[in-house]
Amino acid sequence: MVEPTTFVLFGATGDLAKRKIYPALYNLFLEEKLPAAFSLVGLGRRELSDEVFRANVEASLRQFSRRQPADAAKLNEFLRAFRYSVLDIGCKEDYEKLLRMIEQREQALDLTPNRMFYLSVGPEYFETIADNIQASGLGSANGWKRLVIEKPFGHDLQSARELNEKLSRAFEEHEIYRIDHYLGKPMVQKLEVLYQSNPVLQALWSNRHIANVQITASETVGVEARAGYYDHVGAVRDMFQNHMLQLLMMLASNLPYGSNSDTVRYKKKKVMEALEPLSKQDVHAHVVRGQYTAGTLQGKPVAGYTSEPGIGPDSMNDTFIAARLKIDDFFWRGVPFYIRTGKRMSEKATRIVIEFKEPAMQSSAVSHTGKTPNLLIFEINPVEGIILQLNTRDPQQQGEFKPIRVDFYEGNDNAPEAYESLIRDAMHGDPTFFAHWDEVELAWQWVQPILEAFQENLVPLHRYEAGTQGPAAAHAMLAEDGFRWWFDELSEKEEETIEGEQYAYHTNH
Ligand SMILES: NC(=O)C1=CN([C@@H]2O[C@H](COP(=O)(O)OP(=O)(O)OC[C@H]3O[C@@H](n4cnc5c(N)ncnc54)[C@H](OP(=O)(O)O)[C@@H]3O)[C@@H](O)[C@H]2O)C=CC1
Ligand SMILES: O=C1O[C@H](COP(=O)(O)O)[C@@H](O)[C@H](O)[C@H]1O
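The rules behind these values
Residues numbered from 1 in each chain as written. Chains lettered and ligands numbered in written order. Predicted model: local features only at pLDDT ≥ 70, side-chain atom pairs only at ≥ 80, totals over all residues. Heavy atoms only, no water. 1 Å grid on protein atoms, 1.4 Å probe; cavity = no way out; pocket = protein on both sides within 12 Å on 5 of 7 lines; lining within 4 Å. Points joined across faces, edges and corners; volume = space filled by probe spheres on them. Helix = DSSP H or I, 4+ residues; strand = E, 2+ residues; numbered from the N terminus. Nonpolar A, V, L, I, M, F, W, Y, C, P; charged D, E, K, R; others polar. Near = heavy atom within 4 Å. Polar contact = N/O pair within 3.5 Å; in protein donor to acceptor, adjacent residues only side chain to side chain. Areas by Shrake-Rupley, 256 points an atom, 1.4 Å probe, with all protein chains shown as cover. Salt bridge = Lys/Arg side-chain N within 4 Å of Asp/Glu carboxyl O. Buried < 20%, exposed > 50% of the residue type's maximum accessible area, 1.4 Å probe, protein only. Pairing = 2+ DSSP bridges. Axes fitted to C-alpha atoms, helices over the stretch in contact; angles between N-to-C directions. Contact = heavy atoms within 4.5 Å. Parallel < 35°, antiparallel > 145°, perpendicular 65-115°, else oblique. Left-handed = near helix turned anticlockwise from the far one by under 90°.

(A) Broad picture of empty space enclosed by the protein. Evaluation of the coordinates by the stated rule reveals two cavities of 30 Å³ or more. By volume, the largest cavity is sized at about 200 Å³. Around the largest cavity, the lining is made up of 20 residues, and of these D180, Q241, N242, A435 and V440 lie nearest the centre. Of all the secondary-structure elements, those providing two or more residues to the lining of the largest cavity are helix 9 (227-252) and helix 13 (437-455). Considering each element in turn, the lining of the largest cavity owes the most residues, six residues, to helix 9. When its residues are assigned to classes, the lining of the largest cavity shows 10 nonpolar, four polar and six charged.

Take a look at the structure:
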């Protein structure tokens, strides 16, 4: 049972609300996962009547919801909860007006005053909104209050700390839900269960058996219409500091059976604390910075980053980052974690590949031609699946090994979106899949030398052609350790030679 809730949506006329929040709420409603007593107040500067607001919400469902609103009665029942109020974030009187409106609705619907403030607005507004919520009395009713905020949470370590301090004046940590939509992806949420409920995985889940871990989030899209935002953040802030490090934490935290949200947060924090820090001078040896140039994607020519609308010809912004990380703890000491993410790469895929070690002793009487390492692959996005790569004998070529893949793909094309489970969890008061401040701070702390090294140009900016798997230097980084990125569609030529060097790939580590 979800408690009665008033959902106060700042940025109700914006892109995120239309594309993600309304469809998520609608699907939760259809699945009877919204509170029976539910009211939503949308806020923005635009003058809209309740009717126009509801019509806009309906239009967004028609465009973006995974389930079309076919049943008019159901749709009307859903939209009945929606009201709109004009609010300028900096205007104190607007919050007083909002308070009166919410109180009236709570009275009319006999709602306990539980209020969820969802900030779907730029981060520059977070502090003002939190202060005004407190000053107006919106947050001091006789129920719970929660603050849901979107990324980015700060621009670097210092700004993140400042922001957190400001939010803490109005909301306690347990009331703040920092959304990282990667934590809402079904396969990411399943990692915990897969580990806890499969002794075979538990037995293998350590430096005894694992040679390395590779986490990739490659995108085919470029900067799109987000130049103003992206050119100041780059891949390191947009994806790496948050989504990619969250994937690392979820994978490496070895959660014991029966973990609750406190254990999850504690374990994730421990992973971050055990990450070997990089010094600014060392960044170049463990981090590859890249930027896409013109190329071909799915048969079509695409522009290079510096020719994109809104991007200057001299921009040194990173559209790709790859890094080698080491976790110095009992489980993972000696296992490199390679993380990479980039725009305009050859495929849209988020996946984790776990490469297992080879047994130390091999019989010399048996040919090992064709043998590859065992791999366990978690496909996270856009397809969801688990693949195990094993070796068997090739029946045609008696003496040779042949890799086979045992795979399971989640066939549900209509799977819930990340925002559905995250909004539901926030309404339930379950913080498990939200980013705690401790993790966010540790993530910024780890990334800070990278930000500084990029800023001071201590790391070369490697160009990579759009439609490829990123700069050659990212392949060379793994080759230095005797590994390779799995699942790259490198052409044979590229595989043989990278920047004139022989690709050092061997399977016995
Ligand atoms: N869009 C996306 O896919 C994603 C967005 N995010 C984050 O979500 C947040 C919102 O992004 P997005 O929806 O794209 O942004 P938009 O620019 O599309 O929307 C911004 C919203 O903020 C409102 N707003 C702006 N200034 C004021 C003000 N002074 N007073 C009142 N309302 C104001 C606007 O309303 P009005 O114009 O009516 O005043 C509008 O509803 C950002 O933090 C973004 O980083 C995170 C992940 C993905
Ligand atoms: O947060 C962001 O994520 C998207 C990628 O998300 P995905 O769910 O499609 O993998 C990325 O394109 C965007 O730049 C970033 O802000």
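Following the structure, the description resumes.
(B) Up close: the site of ligand 1. Around ligand 1, the surrounding shell holds 21 residues, and the nearest of these are T13, D15, R19, R45 and V121. Side-chain polar atom of T13 to an oxygen atom of ligand 1: 2.7 Å apart, as the coordinates give it. Between ligand 1 and the protein, one listed contact pairs an oxygen atom with a side-chain N or O atom of R19 at 2.5 Å. Burial of ligand 1 by the protein chains amounts to 76% of its free accessible area of 890 Å².

(C) Main features of unusual backbone geometry. Between K151 and the following residue, P152, the backbone shows a cis peptide bond with an omega angle of 0°. Relative to the elements of secondary structure, P152 occurs in the loop between strand 5 (145-149) and helix 6 (157-168). Omega for the bond connecting N381 with P382 falls within 30 degrees of zero, at -5°, which places this linkage in the cis form. Its place among the elements puts P382 in the loop between strand 14 (375-381) and strand 15 (385-393). Although it is not a glycine, N457 adopts a positive phi angle of roughly 55°. Considering the arrangement of structural elements, one finds N457 in the loop between helix 13 and strand 17 (461-465).

(D) Seen up close, the pattern of salt bridges. As enumerated under the stated definition, the model contains 32 salt bridges in all. Between E127 and K166 there is a salt bridge; the shortest N-O distance is 3.5 Å. Taken as a pair, E127 in helix 5 (residues 126-136) and K166 in helix 6 lie far apart in primary sequence, 39 residues in all. D481 serves as the salt-bridge partner of R324, at 2.9 Å between the closest nitrogen and oxygen. One end of the pair, R324, is in strand 11 (residues 320-326); the other, D481, is in the loop between helix 14 (472-480) and helix 15 (492-496), and 157 residues separate them in sequence. For D481, a relative accessible area of 30% gives the class partly exposed. Linked by salt bridges that have partners in common, E31, K33, R66, R67 and E420 make up one network.

(E) View of the sheet that holds strand 4 (residues 115-119). Sheet architecture is open: six strands sit in the order 3-2-1-4-5-6, paired in parallel fashion. The sheet is open, and its two borders are formed by strand 3 (82-86) and strand 6 (176-178), each paired with just one other strand. On average, each strand axis in the sheet is tilted by 20° relative to the strand beside it, whichever way the strands run. Bridge analysis of strand 1 (residues 5-10) against strand 4 gives five bridges, and the strand direction is parallel. Paired with F10 across the bridge in strand 4 is L119. Those strands touched by helix 5 are strand 1, strand 4 and strand 5, and its axis lies near 160° from that of strand 4.

(F) Representation of the site of ligand 2. By nearness alone, every residue bordering ligand 2 is listed as K151, H181, Y182, K185, E219, R226, D238, M239, H243, K343, K348 and N381. For ligand 2, an oxygen atom lies 2.8 Å from a polar atom in the side chain of K343. K348 has a polar side-chain atom sitting 2.8 Å from an oxygen atom of ligand 2. Coverage of ligand 2 by the protein amounts to 80% of the 390 Å² it exposes when considered alone. In terms of residue count, helix 9 provides more of the shell around ligand 2 than any other element does, three residues in total. Class assignment of the residues belonging to the shell around ligand 2 gives a composition of two nonpolar, three polar and seven charged.

(G) A look at the packing of helix 2 (residues 50-64) against helix 3 (residues 72-79). Axis separation between helix 2 and helix 3 bottoms out at 11 Å; the angle between their running directions is 125°. As far as their axial angle goes, helix 3 and helix 2 are oblique. Crossing geometry of helix 2 relative to helix 3 is assigned as right-handed. Residues R54, V57, E58, L61 and R62 of helix 2 form the contact with helix 3, whose own contacting residues are L75, F78 and L79.

(H) Fine view of the sheet that holds strand 11. Taken in spatial order, the nine strands line up as 16-15-14-13-7-12-11-8-17 in an open sheet, and their pairing is mixed. At either margin of the open sheet sits one strand with a lone partner, and together these are strand 16 (401-409) and strand 17. Strand-to-strand twist across the sheet, computed as the mean angle between neighbouring axes with direction ignored, equals 20°. Strand contacts of helix 9: strand 7 (210-218), strand 11, strand 12 (336-342), strand 13 (349-356) and strand 14, with the helix running at about 145° to strand 12, the strand carrying the most contacts. Set on the sheet, helix 14 makes contact with strand 7, strand 8 (287-293), strand 11, strand 12 and strand 17; between it and strand 11 the angle comes to about 15°.

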